[in-house]
Amino acid sequence: MSQRPPSFDLVVATVGRTDELARFLDALAGQNDANVRVILVDQNEDARLDAVVAGRPVRIERVRGPLGLSRARNAGLALVSADLVAFPDDDCVYPPGLLARVAERLIAEPALAGLTGRPEDAHGRTAASWKDDGAILTDDNLWNRAISFTIFVRRDVVDKVGPFDEELGLGAGTPWSSGEEIDYLVRAVRSGARIEYDPSLIVEHEVRADDARIGARDGASVGYLLRKHRYPLRVVSRMLVRPLGGAALSLLHRDLPRSRYHLATLRGRMRGYRGAKRPNSSA
(Lines give C-alpha, C1' and ligand atoms only; values in the text may rest on other atoms or scores of the structure.)
Protein backbone atom coordinates (compact mmCIF):
# COMPACT_ATOMS: atom_id res chain seq x y z
CA MET A 1 0.00 0.00 0.00
CA SER A 2 1.39 3.42 -0.91
CA GLN A 3 1.91 6.30 1.52
CA ARG A 4 -1.15 8.18 0.31
CA PRO A 5 -4.04 8.05 2.81
CA PRO A 6 -5.58 4.61 2.37
CA SER A 7 -9.16 4.24 1.22
CA PHE A 8 -11.79 2.26 3.11
CA ASP A 9 -14.70 0.18 1.86
CA LEU A 10 -17.21 -0.46 4.65
CA VAL A 11 -19.46 -3.38 3.75
CA VAL A 12 -22.74 -2.86 5.64
CA ALA A 13 -25.61 -5.33 5.33
CA THR A 14 -28.91 -3.97 6.59
CA VAL A 15 -32.52 -5.06 6.93
CA GLY A 16 -35.30 -3.53 8.96
CA ARG A 17 -33.31 -0.74 10.61
CA THR A 18 -33.41 2.97 9.76
CA ASP A 19 -32.62 5.08 12.86
CA GLU A 20 -29.64 2.92 13.80
CA LEU A 21 -28.25 3.04 10.27
CA ALA A 22 -28.68 6.83 10.14
CA ARG A 23 -26.72 7.10 13.40
CA PHE A 24 -23.90 4.97 11.98
CA LEU A 25 -23.70 7.02 8.78
CA ASP A 26 -23.77 10.33 10.67
CA ALA A 27 -20.89 9.20 12.89
CA LEU A 28 -18.70 8.67 9.82
CA ALA A 29 -18.43 12.46 9.59
CA GLY A 30 -16.08 12.22 12.58
CA GLN A 31 -13.49 10.07 10.79
CA ASN A 32 -10.98 12.86 10.09
CA ASP A 33 -11.87 13.13 6.39
CA ALA A 34 -10.90 9.50 5.83
CA ASN A 35 -11.42 8.32 2.26
CA VAL A 36 -14.52 6.20 2.97
CA ARG A 37 -17.09 4.47 0.83
CA VAL A 38 -20.03 2.64 2.36
CA ILE A 39 -21.11 -0.38 0.32
CA LEU A 40 -24.66 -0.58 1.63
CA VAL A 41 -26.27 -3.94 0.93
CA ASP A 42 -30.00 -3.24 1.20
CA GLN A 43 -31.92 -6.39 2.10
CA ASN A 44 -35.26 -4.61 2.52
CA GLU A 45 -38.14 -5.27 0.15
CA ASP A 46 -39.29 -1.65 0.33
CA ALA A 47 -37.79 1.82 -0.09
CA ARG A 48 -37.35 2.62 3.60
CA LEU A 49 -33.67 3.49 3.11
CA ASP A 50 -34.31 6.19 0.50
CA ALA A 51 -34.67 8.89 3.15
CA VAL A 52 -31.80 7.47 5.23
CA VAL A 53 -29.17 7.70 2.50
CA ALA A 54 -30.38 10.96 0.95
CA GLY A 55 -28.09 13.90 1.67
CA ARG A 56 -25.60 12.02 3.84
CA PRO A 57 -22.08 13.50 3.75
CA VAL A 58 -20.45 10.14 3.02
CA ARG A 59 -20.09 8.26 -0.26
CA ILE A 60 -22.61 5.43 -0.40
CA GLU A 61 -22.93 2.72 -3.01
CA ARG A 62 -26.25 1.04 -2.42
CA VAL A 63 -26.95 -2.40 -3.85
CA ARG A 64 -29.77 -4.86 -3.36
CA GLY A 65 -28.80 -8.04 -1.58
CA PRO A 66 -30.41 -11.31 -0.55
CA LEU A 67 -31.54 -12.12 2.95
CA GLY A 68 -28.92 -13.76 5.12
CA LEU A 69 -26.00 -11.84 6.59
CA SER A 70 -23.24 -13.81 4.88
CA ARG A 71 -25.02 -13.78 1.52
CA ALA A 72 -25.49 -10.01 1.78
CA ARG A 73 -21.87 -9.41 2.75
CA ASN A 74 -20.73 -11.50 -0.19
CA ALA A 75 -22.81 -9.30 -2.48
CA GLY A 76 -20.93 -6.32 -1.03
CA LEU A 77 -17.53 -7.98 -1.28
CA ALA A 78 -18.01 -8.29 -5.04
CA LEU A 79 -17.77 -4.47 -5.21
CA VAL A 80 -14.76 -3.95 -2.94
CA SER A 81 -11.87 -1.97 -4.45
CA ALA A 82 -10.45 0.10 -1.55
CA ASP A 83 -7.14 -0.46 0.24
CA LEU A 84 -8.81 -1.47 3.51
CA VAL A 85 -12.07 -3.30 4.15
CA ALA A 86 -14.33 -3.46 7.22
CA PHE A 87 -17.67 -5.07 8.06
CA PRO A 88 -19.55 -2.74 10.43
CA ASP A 89 -22.99 -3.67 11.72
CA ASP A 90 -25.76 -1.28 10.80
CA ASP A 91 -26.31 -0.50 14.51
CA CYS A 92 -22.71 0.15 15.58
CA VAL A 93 -20.91 3.51 15.79
CA TYR A 94 -17.30 4.29 14.88
CA PRO A 95 -15.87 6.74 17.44
CA PRO A 96 -14.19 9.88 16.00
CA GLY A 97 -10.78 9.20 14.51
CA LEU A 98 -11.05 5.40 14.60
CA LEU A 99 -10.37 4.88 10.89
CA ALA A 100 -7.41 7.27 11.02
CA ARG A 101 -5.89 5.21 13.84
CA VAL A 102 -6.39 2.00 11.85
CA ALA A 103 -4.83 3.57 8.76
CA GLU A 104 -1.84 4.90 10.71
CA ARG A 105 -1.08 1.47 12.19
CA LEU A 106 -1.29 -0.30 8.86
CA ILE A 107 0.82 2.32 7.08
CA ALA A 108 3.46 2.11 9.81
CA GLU A 109 3.51 -1.71 9.85
CA PRO A 110 3.35 -3.09 6.30
CA ALA A 111 3.64 -6.66 7.60
CA LEU A 112 0.30 -6.34 9.37
CA ALA A 113 -2.57 -7.65 7.25
CA GLY A 114 -5.26 -6.31 9.53
CA LEU A 115 -6.48 -5.30 12.97
CA THR A 116 -9.35 -6.26 15.24
CA GLY A 117 -10.71 -4.23 18.12
CA ARG A 118 -13.12 -4.47 21.04
CA PRO A 119 -16.79 -3.52 21.46
CA GLU A 120 -18.08 -1.21 24.18
CA ASP A 121 -21.57 0.15 24.72
CA ALA A 122 -22.38 3.85 25.04
CA HIS A 123 -21.50 3.68 28.77
CA GLY A 124 -18.09 2.12 28.21
CA ARG A 125 -19.14 -1.38 29.26
CA THR A 126 -17.96 -4.53 27.54
CA ALA A 127 -18.57 -8.25 28.07
CA ALA A 128 -16.30 -9.95 30.60
CA SER A 129 -15.16 -12.51 28.02
CA TRP A 130 -13.20 -9.91 26.00
CA LYS A 131 -9.44 -10.03 26.42
CA ASP A 132 -7.53 -7.01 27.73
CA ASP A 133 -4.19 -7.95 26.18
CA GLY A 134 -3.22 -7.33 22.59
CA ALA A 135 -2.08 -10.30 20.54
CA ILE A 136 -1.33 -11.50 17.04
CA LEU A 137 -4.32 -13.66 16.16
CA THR A 138 -3.95 -17.38 15.79
CA ASP A 139 -6.66 -19.93 15.15
CA ASP A 140 -6.29 -20.85 18.84
CA ASN A 141 -6.65 -17.41 20.48
CA LEU A 142 -9.01 -15.45 18.23
CA TRP A 143 -12.28 -16.60 19.83
CA ASN A 144 -12.51 -13.68 22.27
CA ARG A 145 -10.54 -11.15 20.27
CA ALA A 146 -12.73 -10.44 17.25
CA ILE A 147 -16.28 -9.68 16.21
CA SER A 148 -17.35 -8.64 12.73
CA PHE A 149 -17.83 -4.91 13.34
CA THR A 150 -14.31 -4.54 14.83
CA ILE A 151 -12.45 -6.19 11.92
CA PHE A 152 -10.27 -4.15 9.52
CA VAL A 153 -8.22 -5.94 6.85
CA ARG A 154 -6.25 -5.10 3.74
CA ARG A 155 -7.97 -5.87 0.46
CA ASP A 156 -5.47 -8.59 -0.41
CA VAL A 157 -6.80 -10.53 2.61
CA VAL A 158 -10.28 -10.32 1.11
CA ASP A 159 -8.92 -11.42 -2.25
CA LYS A 160 -7.15 -14.38 -0.65
CA VAL A 161 -9.86 -15.55 1.77
CA GLY A 162 -12.80 -15.20 -0.59
CA PRO A 163 -16.48 -15.11 0.40
CA PHE A 164 -18.10 -15.65 3.76
CA ASP A 165 -19.44 -19.13 4.42
CA GLU A 166 -23.15 -18.79 3.63
CA GLU A 167 -23.95 -21.71 5.93
CA LEU A 168 -23.09 -19.35 8.80
CA GLY A 169 -24.60 -16.12 10.12
CA LEU A 170 -27.99 -14.61 10.84
CA GLY A 171 -30.57 -15.59 8.25
CA ALA A 172 -28.50 -18.47 6.88
CA GLY A 173 -31.39 -20.88 7.33
CA THR A 174 -29.12 -23.33 9.18
CA PRO A 175 -28.53 -24.03 12.90
CA TRP A 176 -25.27 -22.06 12.63
CA SER A 177 -26.65 -18.51 12.82
CA SER A 178 -23.48 -16.78 14.03
CA GLY A 179 -19.70 -17.20 13.81
CA GLU A 180 -19.27 -16.20 10.17
CA GLU A 181 -16.57 -13.67 11.06
CA ILE A 182 -14.66 -16.20 13.19
CA ASP A 183 -14.71 -18.63 10.28
CA TYR A 184 -13.42 -15.84 8.04
CA LEU A 185 -10.55 -15.02 10.41
CA VAL A 186 -9.60 -18.68 10.89
CA ARG A 187 -9.25 -18.95 7.13
CA ALA A 188 -7.31 -15.67 7.02
CA VAL A 189 -4.76 -16.55 9.70
CA ARG A 190 -4.31 -20.07 8.33
CA SER A 191 -3.53 -18.51 4.96
CA GLY A 192 -0.66 -16.62 6.60
CA ALA A 193 -2.31 -13.24 7.25
CA ARG A 194 -0.80 -11.45 10.27
CA ILE A 195 -3.73 -9.80 12.06
CA GLU A 196 -3.42 -8.13 15.45
CA TYR A 197 -6.01 -7.70 18.19
CA ASP A 198 -5.71 -4.20 19.65
CA PRO A 199 -8.14 -3.73 22.58
CA SER A 200 -7.66 0.04 22.46
CA LEU A 201 -9.53 0.12 19.13
CA ILE A 202 -13.11 0.55 20.33
CA VAL A 203 -16.33 0.30 18.33
CA GLU A 204 -19.55 1.31 20.06
CA HIS A 205 -22.20 -1.40 20.04
CA GLU A 206 -24.84 -2.58 22.46
CA VAL A 207 -23.48 -5.27 24.79
CA ARG A 208 -25.55 -8.40 24.55
CA ALA A 209 -27.02 -9.95 27.69
CA ASP A 210 -26.11 -13.54 28.63
CA ASP A 211 -29.35 -15.07 27.37
CA ALA A 212 -29.57 -18.89 27.28
CA ARG A 213 -31.08 -18.81 23.79
CA ILE A 214 -28.11 -16.79 22.52
CA GLY A 215 -25.73 -19.14 24.30
CA ALA A 216 -27.27 -22.15 22.57
CA ARG A 217 -27.23 -20.41 19.19
CA ASP A 218 -23.65 -19.18 19.39
CA GLY A 219 -22.51 -22.44 20.97
CA ALA A 220 -23.83 -24.41 18.01
CA SER A 221 -21.86 -22.21 15.62
CA VAL A 222 -18.67 -22.64 17.67
CA GLY A 223 -19.11 -26.41 17.59
CA TYR A 224 -19.64 -26.25 13.84
CA LEU A 225 -16.41 -24.29 13.40
CA LEU A 226 -14.38 -26.61 15.61
CA ARG A 227 -15.42 -29.54 13.42
CA LYS A 228 -15.25 -27.72 10.09
CA HIS A 229 -11.69 -26.54 10.67
CA ARG A 230 -10.52 -29.83 12.19
CA TYR A 231 -9.41 -28.36 15.50
CA PRO A 232 -7.34 -30.79 17.59
CA LEU A 233 -8.97 -32.65 20.45
CA ARG A 234 -7.16 -30.55 23.07
CA VAL A 235 -8.85 -27.40 21.72
CA VAL A 236 -12.24 -29.06 21.40
CA SER A 237 -11.97 -30.32 24.97
CA ARG A 238 -11.01 -26.89 26.26
CA MET A 239 -13.90 -25.26 24.45
CA LEU A 240 -16.30 -27.74 26.04
CA VAL A 241 -14.84 -27.51 29.55
CA ARG A 242 -14.86 -23.71 29.62
CA PRO A 243 -18.68 -23.21 29.71
CA LEU A 244 -18.99 -26.08 32.19
CA GLY A 245 -16.62 -24.24 34.51
CA GLY A 246 -18.56 -21.02 33.94
CA ALA A 247 -21.80 -22.75 34.91
CA ALA A 248 -20.28 -24.13 38.11
CA LEU A 249 -18.80 -20.75 39.09
CA SER A 250 -22.12 -19.01 38.44
CA LEU A 251 -23.90 -21.51 40.68
CA LEU A 252 -21.41 -20.78 43.45
CA HIS A 253 -22.40 -17.11 43.13
CA ARG A 254 -26.12 -18.06 43.03
CA ASP A 255 -26.41 -16.57 39.55
CA LEU A 256 -28.88 -19.03 38.02
CA PRO A 257 -29.53 -17.12 34.76
CA ARG A 258 -25.80 -16.98 33.97
CA SER A 259 -25.38 -20.63 34.89
CA ARG A 260 -28.19 -21.52 32.47
CA TYR A 261 -26.46 -19.45 29.80
CA HIS A 262 -23.20 -21.39 30.21
CA LEU A 263 -24.99 -24.75 30.17
CA ALA A 264 -26.91 -23.75 27.03
CA THR A 265 -23.58 -22.75 25.46
CA LEU A 266 -22.14 -26.16 26.30
CA ARG A 267 -25.12 -28.02 24.84
CA GLY A 268 -24.97 -25.85 21.72
CA ARG A 269 -21.26 -26.54 21.20
CA MET A 270 -21.78 -30.27 21.56
CA ARG A 271 -24.73 -30.22 19.16
CA GLY A 272 -22.85 -28.09 16.64
CA TYR A 273 -19.77 -30.30 16.75
CA ARG A 274 -21.80 -33.46 16.24
CA GLY A 275 -23.90 -31.95 13.46
CA ALA A 276 -21.19 -30.25 11.42
CA LYS A 277 -19.83 -31.67 8.21
CA ARG A 278 -16.09 -32.11 7.74
CA PRO A 279 -15.50 -30.57 4.32
CA ASN A 280 -12.44 -31.29 2.22
CA SER A 281 -11.54 -27.60 2.16
CA SER A 282 -11.82 -24.78 4.67
CA ALA A 283 -13.75 -22.45 2.36
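The structure this text deals with has already been given above.
Thresholds applied
- Residues numbered from 1 in each chain as written.
- Predicted model: local features only at pLDDT ≥ 70, side-chain atom pairs only at ≥ 80, totals over all residues.
- Heavy atoms only, no water.
- Helix = DSSP H or I, 4+ residues; strand = E, 2+ residues; numbered from the N terminus.
- Rg over C-alpha atoms; globule rule 2.2 N^0.38 Å.
- Buried < 20%, exposed > 50% of the residue type's maximum accessible area, 1.4 Å probe, protein only.
- Contact = heavy atoms within 4.5 Å.
- Areas by Shrake-Rupley, 256 points an atom, 1.4 Å probe, with all protein chains shown as cover.
- Lys, Arg positive; Asp, Glu negative; His and termini not counted.
- Charge placed at Lys NZ, Arg CZ, Asp CG, Glu CD.
- Core = buried A, V, L, I, M, F, W, Y, C linked by side-chain atoms within 4.5 Å.
- Salt bridge = Lys/Arg side-chain N within 4 Å of Asp/Glu carboxyl O.
- Phe/Tyr/Trp six-rings, centres within 6.5 Å; stacked < 30°, edge-to-face > 60°.
- Lys NZ or Arg CZ within 6 Å of the ring centre and 35° of its normal.
- Pairing = 2+ DSSP bridges.
- Axes fitted to C-alpha atoms, helices over the stretch in contact; angles between N-to-C directions.
- Parallel < 35°, antiparallel > 145°, perpendicular 65-115°, else oblique.
- Left-handed = near helix turned anticlockwise from the far one by under 90°.
- Nonpolar A, V, L, I, M, F, W, Y, C, P; charged D, E, K, R; others polar.

## Considerations on the overall build of the protein
Scanning the protein from N- to C-terminus turns up nine helices and eight strands. Whereas a compact globule of 283 residues would reach a radius of gyration of roughly 19 Å, the protein reaches 19 Å, a difference of no more than 12%. Taking the principal axes of its C-alpha atoms as reference, the protein extends roughly 50 × 40 × 35 Å. Scored against the burial criterion, the 283 residues of the protein give a buried share of 52%. Taking contacts inside the protein between residues at least 6 apart in sequence as the whole, the part at least 24 apart equals 77%. When the accessible surface of the protein is totalled, it reaches about 13,100 Å², and 52% of it is carbon and sulfur. Charged side chains in the protein number 41 positive and 38 negative. The centres of these two groups are separated by 7 Å.

## Details of the nonpolar core
Counting 39 residues, the largest nonpolar core has Trp143, Ile195 and Leu226 as the members making the most contacts within it. Of all the secondary-structure elements, those providing two or more residues to this core are β7 (151-154), α5 (155-161), α6 (180-190), β8 (195-204), α7 (212-228) and α8 (233-252). It is α6 that contributes the most residues to this core, six residues altogether. Excluding its chain neighbours within four sequence positions, the residues that come into contact with Ile195 are Ala113, Gly114, Leu115, Thr116, Ala135, Ile136, Leu137, Val153, Leu185 and Ala188.

## Focus on the pattern of salt bridges
Applying the stated rule across the entire model yields 26 salt bridges. Note that Asp218 and Arg217 form a salt bridge whose closest N and O atoms lie 3.0 Å from each other. Assessed through its relative accessible area of 17%, Asp218 is described here as buried. Note on Arg217: relative accessible area 23%, which makes it partly exposed. Each of the salt bridges in this network shares a partner with another, and the network as a whole consists of Asp42, Asp50, Arg62 and Arg64.

## Notes on the packing of aromatic side chains
Summed over the entire model, instances satisfying the criterion amount to eight aromatic pairs. Judged by centre distance (5.6 Å) and plane angle (55°), the rings of Trp143 and Tyr231 are tilted. One end of the pair, Trp143, is in the loop between β6 (135-136) and β7; the other, Tyr231, is in the loop between α7 and α8, and 88 residues separate them in sequence. Classification of Trp143 by relative accessible area gives buried; the value is 11%. For Tyr231, a relative accessible area of 6% gives the class buried. Look at Phe164 and Tyr184: their rings are 4.4 Å apart centre to centre, the planes differ by 20°, and that puts the pair in the stacked class. One end of the pair, Phe164, is in the loop between α5 and α6; the other, Tyr184, is in helix α6, and 20 residues separate them in sequence. On the basis of relative accessibility, which here comes to 4%, the residue Phe164 falls in the buried class. Among the residues examined, Tyr184 registers a relative accessible area of 3% and is labelled buried. Above the plane of the ring of Phe164 lies Arg73, whose end atom (NZ or CZ) is 5.5 Å from the centre. Between the NZ or CZ atom of Arg190 and the centre of the ring of Tyr231, over which it lies, the distance is 5.1 Å.

## Topic: helix α4 (residues 98-108)
Those residues of α4 that sit buried are Leu98, Leu99, Ala100, Val102, Ala103, Arg105 and Leu106. As for α4, its buried residues are in contact with β1 (7-14), β2 (35-42), β4 (84-86), β5 (114-120), β7 and β8.

## Quick word on the environment of Ala51
By secondary structure assignment, the location of Ala51 is in helix α2 (residues 50-53). Among the residues examined, Ala51 registers a relative accessible area of 64% and is labelled exposed. Separated by 112 residues in sequence, Ala51 and Pro163 place their C-alpha atoms 30 Å apart.

## Structural notes on the sheet that holds β4
Strands sit in the order β3-β2-β1-β4-β7-β5-β8-β6 across an open sheet of eight strands; the sheet is mixed. Taken across any chain shown, the strands that pair with only one partner, and hence form the sheet edges, are β3 (59-64) and β6. The pairing of β1 with β2 spans eight bridges and is classified as parallel. Its bridge partner lying in β2, Ser7 is registered against Asn35. Packing against the sheet, helix α3 (residues 69-77) makes contact with β1 and β2, and its axis sits at approximately 145° to β1.

## So, the packing of α8 against helix α9 (residues 256-275)
Where α8 contacts α9, the axes come no closer than 7 Å and their chain directions differ by 160°. Put simply, α8 runs roughly antiparallel to α9. In the crossing of α8 with α9, the sense of the turn from one axis to the other is left-handed. On the side of α8, the interface is formed by Val236, Met239, Leu240, Pro243, Leu244, Gly246, Ala247, Ser250 and Leu251, while α9 contributes Leu256, Arg258, Ser259, His262, Leu263, Thr265, Leu266, Arg269, Met270 and Tyr273. Here the contact of α8 with α9 is built from residues that sort into twelve nonpolar, five polar and two charged.

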